[in-house]
There are 2 protein chains.
Amino acid sequence: MTSESLKPFFDPRGVVVVGASREEEKPGHVIFRVLLENRKKGLLKAPVYGVNPKADYILGEKVFPSVKDIPGEVDLAVIVIPAEHVKRAIEDLGVKGIKAAIIISAGFSEIGRSDLEREVAETAKKHGIRIIGPNCIGVYSPWSGVDTIFLPYTKVLEDGREVLNAPRPSKGFVALISQSGAVGTAALDYMYGEGIGLSHFVSIGNKADVDEVELVEYLGGDDRTRVILLYLENIKRGREFIEVAGKVTLKKPVVVLKAGRTSAGRRAAASHTAALAGVDEVYDAAFRRSGVIRANDIEELFDYAKALAMQPPARGERIGIITDGGGAGVMATDIAEMLGLKVPELQGNARRELEELRERGIFPRYAQLSNPVDLTGSATSEMFVEATRILLESDEVDAVVVLALHQVPGIPDPVKLAREISRLAAGYAKPVVAVDTGWSEAAILERKEFDSMGVPSYPTPERAVKSLSALVRYGKYLSSRGALGRYLQEYLDFKRKNILQMHKNNST
Amino acid sequence: MTSESLKPFFDPRGVVVVGASREEEKPGHVIFRVLLENRKKGLLKAPVYGVNPKADYILGEKVFPSVKDIPGEVDLAVIVIPAEHVKRAIEDLGVKGIKAAIIISAGFSEIGRSDLEREVAETAKKHGIRIIGPNCIGVYSPWSGVDTIFLPYTKVLEDGREVLNAPRPSKGFVALISQSGAVGTAALDYMYGEGIGLSHFVSIGNKADVDEVELVEYLGGDDRTRVILLYLENIKRGREFIEVAGKVTLKKPVVVLKAGRTSAGRRAAASHTAALAGVDEVYDAAFRRSGVIRANDIEELFDYAKALAMQPPARGERIGIITDGGGAGVMATDIAEMLGLKVPELQGNARRELEELRERGIFPRYAQLSNPVDLTGSATSEMFVEATRILLESDEVDAVVVLALHQVPGIPDPVKLAREISRLAAGYAKPVVAVDTGWSEAAILERKEFDSMGVPSYPTPERAVKSLSALVRYGKYLSSRGALGRYLQEYLDFKRKNILQMHKNNST
């Protein structure tokens, strides 16, 4: 029953907000308004209805006393009413034949009212209704216009400035499942700023019915989702999670940020979610076995997501490093070795080709060519492109880090350099990540160009190499399962099909 | 001889550029131009002279065939001529009586010409001339206007846009010493974007004379420098470094990013700096013994710098956490415990006060008050201020992390919240760090306000807690040396005296 029954959450044919409110600050108002707006923009294909027994019109729309009074077809309900009335509302959905409900309302197991939550879940089950929540912020699907995030989109500061408060990432290919609504919203704000496009966001709240297991399975089959990210505090159905993840990771990467790693963290998580989080080592081993990549913090989660969405996994652990800043090359080498990657001294054809360029005076006389390839402060854009080409062609390295610090005089246009290296990289099934350090316009534009052209870029050597290591670990896992070849094929197909959207995400 | 002899590098009475050039792209031109501009702006008090035997006027200024022909007093020379002529130029400085020289020129030990470098160093020594470099980008002192960074300040992209390329951080209290010019420049670009003010920047290059040991000693006595950061690939005078650092760290924090940690990294560093970098464990132990804080990457280096510059060290390792996002609190707890900090369950007065506020309906009914203090998504600005006050007053925690995720409706003005918490924090000698996640205007403005009000802020719980752990480790070190009380006194004096500049740095 799984996949098909989740579809209305992400792509409904009709939506009703149960608890549509007239009061502007209330979630029931915000959700109703946003859905109506998305409908008017043509983003949301489904008609939107409101239910409120005490009103006739809200936001100029006729609302209904009960879902049973709605004339049209509805297959998704968003429930925003006090906890004690939710069971009754679910009964009504049953009568109307609505099979999916997002319960935003809090006041269930998270405050000790597991009894209420159980009743709601049982009622829903009786009617064959799937539930996301309760106690959640619901779903945001930029592709279909479903958006139940009820936090204020902007705020007006006391000095009169109106500022963005809860921005949404644009359409893209990274899915995010969050057990915490607050972390989820904060993460969306982070994604927005990093220019990472979203396929679907789901806040799973108390997980009375739909949980991370089912969602990973569903998103595993979703054409728009290339990478699945999860923020979790516990996993109730551990065995099932591992089984499903083990299948999905053969097709697309799954990255988990699992909080509650320490005993104090678990105590905090327990008081927050009213569920016992298991021992961390068990999770660790299970994730590894099923090809799930683990992130230690929010920054890593999205750094990995960028690399995994934009680049193919590596076929091995040998890294080639190109730089115009010797020290940056040393730092990248250190971090690579500390993560168990190899930075081999180049010996064969690549070394010969690089040395020839130095002998012919095309590379600086004092360029270091053993790996890291240090083009020195006399580096030019042309040298970077040549060195990148040589390492991409070489069978001595499995992945390339381009540390193109833009400050040197020989890179007159860092944006152009990023474009040229990215075009080159697109012709190889070997991962490339890029670094430029700083927050000057030149740095920001260089990184943005890399991102928009499909080469993930980072502000420090460490973040780049760590992200590359995720591609190495994932490649190793896929190889061990005999799945790397097929993955690469599908990955390249996907990239070909979606290249325009990928570029758009990062260039806006 | 040490301290006094370094003064001209940072605050000269007269500067000459030996190798002032007419060609706009050349370092000898850029340096001459920038110094002249700083002189005109009134930033640089010292008169600026140019030496070029083949020109009469450059940039409208009369230039001289030799330093010996300069009429006025000069105590700093910036040398930008081919390596083989540097020795002769140093002889001339001796005749003129100039006692400090920044040798920008490359072509010495870094390319195997240790002989040339030795000759230059010996000649300088004979004349009592101190040298920074060679093979470096020199010095940038925003307070005095000395600036020898010759990289293009802006670049014009092919599409016609002129963009910032090598921005300088504003006046401030963090000193940066870098063995790598490229890393140094990239780090300045990073500081600029993070809004961290600079006291002095020194690129030490081949360290033919002045090295990190002497600079740490000098900056240890510099009134403008509150925190000393170093990027190093090797330390030649290990014993002296430890001795000097051991003294300086009793007065101000020293943070080292030491590259070449792994054997491959050391190989890369050796080829880059032509010096053998020692075994990492030895450095690690020596740093710990002398109170030097070690950073693992550029992000950590500046994250720590911010915390150490803005906040007092902690008197113990017990952390209090306040949040409106349960999951964020769990992550902060995890990282704290993993770093060896404690997140104790609150028991005493603080707990009672918090519970009373909950009972009186001032805190949400389901707020968790054991630590983390989770005010839930119903948190308001007022609750944050109250909870912060209670934890600052409590003797159960030594430091406070405020995770004020701005997205919730109850924080109508995140900037105002940041201001109020910072004002409160300023009244206690207990460190506070702040977190808001995301890149919306609201997030950026909240963090900026915290920073400008003296509470270091970070975009993720992990970066904040890691930075706080630097304050804990440093406090522990100072206590073990019986120096914490005196440090705190000096720190608070410094903060009082410089509060206006501190605010200015971050609010521009």
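On a predicted model such as this, the values are computed, not experimentally measured, just so you know.

Caption draft 1: Quick look at a positive patch on the surface. All names here are of chain A. Side chains of Arg39, Lys45, Lys171 and Arg224 sit close together on the surface and give a patch of like positive charge. The residue lysine 45 is located in the loop between helix H2 (27-40) and strand E2 (48-51) in this model. Residue class for lysine 45 comes out exposed when judged on its relative accessible area of 63%.

Caption draft 2: View of the domain arrangement of chain A. Residue and element names in this part refer to chain A. Entries for chain A in the domain assignment read domain 1 (1-136), domain 2 (151-310) and domain 3 (313-507). On a C-alpha basis, the centres of domain 2 and domain 3 stand 28 Å from each other. Opposite the 32 residues of domain 2 that make contact, domain 3 presents 27 residues. Interface area, domain 2 with domain 3, both sides summed: about 2500 Å², of which 55% is carbon and sulfur. Summed over the three residues of domain 2 that lose the most area to domain 3, namely Phe173, Arg226 and Met310, the buried surface amounts to 27% of that side. If you look at where domain 2 meets domain 3, you find four salt bridges. Put simply, arginine 463 and aspartate 303 hold a salt bridge, and the shortest N to O gap is 2.8 Å. If you look at where domain 2 meets domain 3, you find 13 residue pairs in polar contact (both at pLDDT 80 or more). When contributions to the side of domain 2 that touches domain 3 are tallied by element, the ones reaching two or more residues are strand E12 (171-178), helix H5 (181-194), helix H9 (280-289), strand E16 (293-295) and helix H10 (298-310). Counting residues per element, the side of domain 2 that touches domain 3 draws most heavily on H10, at nine residues.

Caption draft 3: Highlighting the UniProt feature "domain: CoA-binding" (unreviewed entry) in chain A. The sites that carry the UniProt feature "domain: CoA-binding" (unreviewed entry) are, in the present numbering, residues 9-108 of chain A. Strand forms 20% of residues 9-108 of chain A and helix 30%; the C-alpha atoms that close the span are 21 Å apart.

Caption draft 4: Here's a closer look at the interface of chain A and chain B. Facing 85 residues of chain A, the contacting portion of chain B comprises 85 residues. Together, the buried faces of chain A and chain B total about 6400 Å²; carbon and sulfur atoms form 63% of this surface. When residues of chain A are sorted by the area they lose upon contact with chain B, Arg267, Gln407 and Trp439 of chain A head the list and together hold 10% of the total. At the junction of chain A with chain B, the criterion picks out five salt bridges. Its residues assigned to classes, the side of chain A that touches chain B shows 41 nonpolar, 23 polar and 21 charged.

Caption draft 5: How the structure looks around the pattern of salt bridges. Counting across every chain of the model gives 69 salt bridges over all chains. Residue lysine 126 of chain A is joined to glutamate 91 of chain A by a salt bridge in which the shortest nitrogen-to-oxygen separation is 3.8 Å. Taken together, the residues lysine 126 of chain A in helix H4 (residues 114-126) and glutamate 91 of chain A in helix H3 (residues 83-96) connect sequence positions 35 residues apart. Judged by relative accessible area, which is 61%, lysine 126 of chain A ranks as exposed. Judged by its relative accessible area of 25%, glutamate 91 of chain A falls in the partly exposed class. Ionic pairing is found between lysine 466 of chain B and glutamate 300 of chain B, a salt bridge with its closest N-O pair at 3.0 Å.

Caption draft 6: Structural detail: the packing of helix H14 (residues 414-425) of chain A against helix H15 (residues 441-452) of chain A. Residue and element names in this part refer to chain A. Relative orientation of the contacting elements H14 and H15 amounts to 20 degrees, with a least axis distance of 8 Å. With respect to H15, the axis of H14 lies roughly parallel. For the pair H14 and H15, the sense of crossing is right-handed. For the pair H14 and H15, contact is made by Pro414, Val415, Ala418, Arg419, Ile421 and Ser422 and by Ala442, Leu445, Glu446, Glu449 and Phe450, respectively. Looking at the contact of H14 with H15, its residues break down into seven nonpolar, one polar and three charged.

Caption draft 7: Molecular detail of the environment of leucine 369 of chain B. Residue and element names in this part refer to chain B. Tracing the sequence through the fold places leucine 369 in the loop between helix H12 (349-359) and strand E18 (373-374). Judged by its relative accessible area of 3%, leucine 369 falls in the buried class. On a C-alpha basis, the gap between leucine 369 and arginine 351 in space is 6.7 Å, while along the polypeptide they are 18 residues apart.

Caption draft 8: Quick peek at the pairing of strand E1 (residues 15-18) of chain B. Residues and elements named next belong to chain B. A two-sided burial pattern is seen for E1, the buried positions comprising Val15 and Val17 on one face and Val16 and Val18 on the other. Here four bridges tie E1 to strand E2 (residues 48-51), and the two strands are oriented parallel to one another. Each bridged residue has a counterpart across the sheet, and for valine 16 the counterpart in E2 is tyrosine 49. In terms of handedness, the path from E1 via helix H2 (residues 27-40) over to E2 forms a crossover that is right-handed. Taken together, the four bridges between E1 and strand E5 (residues 76-79) define a ladder with parallel strand orientation.

Caption draft 9: Structural detail: the side chain of aspartate 398 of chain A. Residues and elements named next belong to chain A. For aspartate 398, the location among the structural elements is in the loop between helix H13 (381-393) and strand E19 (399-403). Reaching out from aspartate 398, the side chain makes a polar contact with the backbone nitrogen of glutamate 317 at a distance of 3.2 Å. Setting aside anything within four residues of it in sequence, one finds aspartate 398 in contact with Ala314, Arg315, Gly316, Glu317, Arg318, Lys430 and Pro431.

Caption draft 10: View of the relation of the copies chain A and chain B. Turning chain A through 180 degrees and shifting it by 0.0 Å along the axis lays it on chain B, with an RMSD of 0.0 Å. Viewed as a symmetry operation, the transformation between the two copies matches a two-fold axis. Distance from the rotation axis, computed per C-alpha, reaches its smallest value in chain A at glutamate 299 of chain A: 5.8 Å. With an isologous cut-off of 70% or more, the 100% of interface residues of chain A that recur at the interface of chain B puts this contact in the isologous class.

Caption draft 11: Representation of the environment of valine 86 of chain A within the structure. Mapping valine 86 of chain A onto the fold places it in helix H3. The spatial distance from the C-alpha of valine 86 of chain A to the C-alpha of arginine 22 of chain A is 19 Å, given a sequence separation of 64 residues.

Caption draft 12: Structural detail: the sheet that holds strand E14 (residues 227-232) of chain B. All names here are of chain B. The seven strands are arranged E9-E8-E13-E12-E14-E15-E16 in an open sheet whose pairing can be described as mixed. The strands lining the two open edges of the sheet, one partner per strand, are strand E9 (146-147) and strand E16 (293-295). Summarising the sheet, strand E15 (residues 254-258) and E16 pair through three bridges and their orientation is parallel. For valine 255, the partnering residue across the bridge sits in E16 and is isoleucine 293.

Caption draft 13: Here's a closer look at the packing of H13 of chain A against H14 of chain A. All names here are of chain A. In the contact formed by H13 and H14, the axes pass within 10 Å of each other and the chain directions differ by 15 degrees. By the angle between their directions, the pair H13 and H14 is classed as roughly parallel. Judged by the twist between their axes, the crossing of H13 over H14 is right-handed. Residues Ser381, Phe384, Val385, Thr388, Arg389 and Leu392 of H13 form the contact with H14, whose participating residues are Leu417, Glu420, Ile421, Leu424 and Ala425.

Caption draft 14: Spatial organisation of the sheet that holds E16 of chain A. The strand order E9-E8-E13-E12-E14-E15-E16 (chain A) describes an open sheet built from seven strands, whose pairing is mixed. With partners counted over all chains shown, the strands left at the sheet margins are strand E9 (146-147) and E16 of chain A, one partner each.

Caption draft 15: Inspection of H10 of chain A at higher detail. All names here are of chain A. In this model, H10 (13 residues) spans 18 Å end to end at C-alpha, consistent with the 18 Å of a helix rising 1.5 Å per residue. Of all 13 residues making up H10, 13 are buried, and the element is well covered by its neighbours. N-cap assignment for H10: the residue whose side-chain oxygen lies 3.1 Å from the backbone N of glutamate 299 is aspartate 297.

Caption draft 16: Representation of helix H13 (residues 381-393) of chain B within the structure. Residues and elements named next belong to chain B. The terminal C-alpha atoms of H13, which comprises 13 residues, lie 19 Å apart, in line with the 18 Å expected from a rise of 1.5 Å per residue. All of the buried residues along H13 are Ser381, Met383, Phe384, Val385, Ala387, Thr388, Ile390, Leu391 and Leu392. Buried-residue contacts for H13 involve strand E17 (319-323), H12, E18, strand E19 (399-403), helix H14 (414-425) and strand E20 (432-435).

Caption draft 17: A look at the packing of aromatic side chains. A full pass over the atoms with the stated rule returns 20 aromatic pairs over all chains. Aromatic side chains phenylalanine 173 of chain A and phenylalanine 494 of chain A sit 5.1 Å apart centroid to centroid with 85 degrees between the ring planes, which places their arrangement in the edge-to-face category. Placement of the pair is phenylalanine 173 of chain A in strand E12 and phenylalanine 494 of chain A in helix H17 (residues 484-507), with a sequence separation of 321 residues. Between tyrosine 474 of chain B and tyrosine 487 of chain B, the ring centres sit 5.4 Å apart and the planes meet at 85 degrees, which makes this aromatic pair edge-to-face. Here tyrosine 474 of chain B, found in helix H16 (residues 461-480), pairs with tyrosine 487 of chain B, found in helix H17 (residues 484-507); they are 13 residues apart in sequence, far enough to count as distant. Under the relative-accessibility criterion, tyrosine 474 of chain B is labelled buried at 1%.

Caption draft 18: Focus on unusual backbone geometry. Residues and elements named next belong to chain B. Cis geometry marks the peptide bond from glycine 133 to proline 134, where omega comes out at -5 degrees. Mapping proline 134 onto the fold places it in the loop between strand E7 (130-132) and strand E8 (138-141). Along the chain, asparagine 371 connects to proline 372 via a cis peptide bond; the corresponding omega equals 0 degrees. Tracing the backbone through its elements, the reader meets proline 372 in the loop between H12 and E18. Non-glycine residue lysine 207 carries a positive phi angle of around 55 degrees.

So, how was this worked out
Residues numbered from 1 in each chain as written. Chains lettered and ligands numbered in written order. Predicted model: local features only at pLDDT ≥ 70, side-chain atom pairs only at ≥ 80, totals over all residues. Heavy atoms only, no water. Patch = residues over 30% accessible without salt bridge, like charges linked within 9 Å, V, L, I, M, F, W, Y side chains within 5 Å. Areas by Shrake-Rupley, 256 points an atom, 1.4 Å probe, with all protein chains shown as cover. Salt bridge = Lys/Arg side-chain N within 4 Å of Asp/Glu carboxyl O. Lys, Arg positive; Asp, Glu negative; His and termini not counted. Charge placed at Lys NZ, Arg CZ, Asp CG, Glu CD. Helix = DSSP H or I, 4+ residues; strand = E, 2+ residues; numbered from the N terminus. Buried < 20%, exposed > 50% of the residue type's maximum accessible area, 1.4 Å probe, protein only. Domains from an automatic or database assignment. Contact = heavy atoms within 4.5 Å. Buried area = accessible area lost by both parts, 1.4 Å probe. Polar contact = N/O pair within 3.5 Å; in protein donor to acceptor, adjacent residues only side chain to side chain. UniProt positions renumbered as here; feature names shortened; annotations may be inferred. Nonpolar A, V, L, I, M, F, W, Y, C, P; charged D, E, K, R; others polar. Axes fitted to C-alpha atoms, helices over the stretch in contact; angles between N-to-C directions. Parallel < 35°, antiparallel > 145°, perpendicular 65-115°, else oblique. Left-handed = near helix turned anticlockwise from the far one by under 90°. Pairing = 2+ DSSP bridges. Right-handed = clockwise from strand over helix to strand, strands pointing away. Least-squares fit on C-alpha atoms with pLDDT ≥ 70 in both. Expected span 1.5 Å × (residues − 1). Phe/Tyr/Trp six-rings, centres within 6.5 Å; stacked < 30°, edge-to-face > 60°.

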